[in-house]
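Close look at the chain arrangement
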Amino acid sequence: MSFNYGREEKKWRLWKEAEEKQLRSLGVSEDTIEQLHIHDWAVFNSDRRFYRRLQDAGTYLEEFAEETAPPEVKTVEDFLDSIENQQLYQILIMVDGLTLQIIVMQLQGYSTHDIAASLRLTEEAVYKRVRRLKEKIKKILK
């Protein structure tokens, strides 16, 4: 959602007019009201600059994320094709297909419970396969 400068300034002016009216009814001097007005206007403009920068940064980050988003991994073959490290690739092609399928499902965001149910394994078996693969990779890549 973008920051609408005109609408926000209008809201600020309405709020400020109501506040100044209340201050006058309480007997606050015009000099003090003017100083508050100047201070609040400076704060409003500071916030407005912040939101503009935030909006610009958000747009930049969204474009950057779209440009650098890794291709979605849908199959074990896609997963293996996405591996750029030759040593890691050599390790992974020797791993059984079920363990690789678990890794792909984890990359897709499935929970361990869902993976176990889908592959008809226990959750403990899923954890063990992932742990063994991690240990194997650590041992070889040291």
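Rules used throughout
- Residues numbered from 1 in each chain as written.
- Predicted model: local features only at pLDDT ≥ 70, side-chain atom pairs only at ≥ 80, totals over all residues.
- Heavy atoms only, no water.
- Helix = DSSP H or I, 4+ residues; strand = E, 2+ residues; numbered from the N terminus.
- Contact = heavy atoms within 4.5 Å.
- Salt bridge = Lys/Arg side-chain N within 4 Å of Asp/Glu carboxyl O.
- Buried < 20%, exposed > 50% of the residue type's maximum accessible area, 1.4 Å probe, protein only.
- Arc of directions from axis to C-beta.
- pLDDT = per-residue confidence, 0-100.
- Axes fitted to C-alpha atoms, helices over the stretch in contact; angles between N-to-C directions.
- Parallel < 35°, antiparallel > 145°, perpendicular 65-115°, else oblique.
- Nonpolar A, V, L, I, M, F, W, Y, C, P; charged D, E, K, R; others polar.

**Here we look at the environment of leucine 36**
Inspection of the secondary structure assignment puts leucine 36 in helix H2 (residues 30-68). Once residues within four sequence positions are removed from consideration, leucine 36 is found in contact with Lys16 and Leu23.

**Some details on the pattern of salt bridges**
What the rule picks out here adds up to six salt bridges. A salt bridge links lysine 16 to glutamate 19; the nearest nitrogen and oxygen atoms lie 2.4 Å apart. Placement of the pair is lysine 16 and glutamate 19 together in helix H1 (residues 5-25), with a separation of three residues, close to one helical turn. Bridged by salt links that share partners, the residues Lys16, Glu19 and Asp40 form one connected network.

**Remarks on helix H6 (residues 112-119)**
Among the residues of H6, Thr112, Ile115 and Ala116 are the ones counted as buried. Projection of H6 onto a plane perpendicular to its axis shows the buried side chains occupying an angular sector of 95°, all on one side. Contact partners of the buried residues in H6: helix H5 (97-107) and helix H7 (123-141). Once H6 ends, the next one or two residues include arginine 120, with phi positive near 55°.

**Quick notes on the confidence of the model for the chain**
Confidence in the prediction for the chain averages 82 pLDDT; 84% of positions are at 70 or higher. The least confident element of the chain is H2, whose mean pLDDT is 74; the most confident is H6, at 92.

**Description of the packing of H6 against H7**
The N-to-C vectors of H6 and H7 enclose an angle of 105°; their axes lie 8 Å apart at closest approach. Classified by the angle their axes make, H6 and H7 are roughly perpendicular. Contacts between H6 and H7 involve Thr112, His113, Ile115 and Ala116 from the former and Glu123, Val126 and Tyr127 from the latter. Residue classes in the contact of H6 with H7 are distributed as four nonpolar, two polar and one charged.

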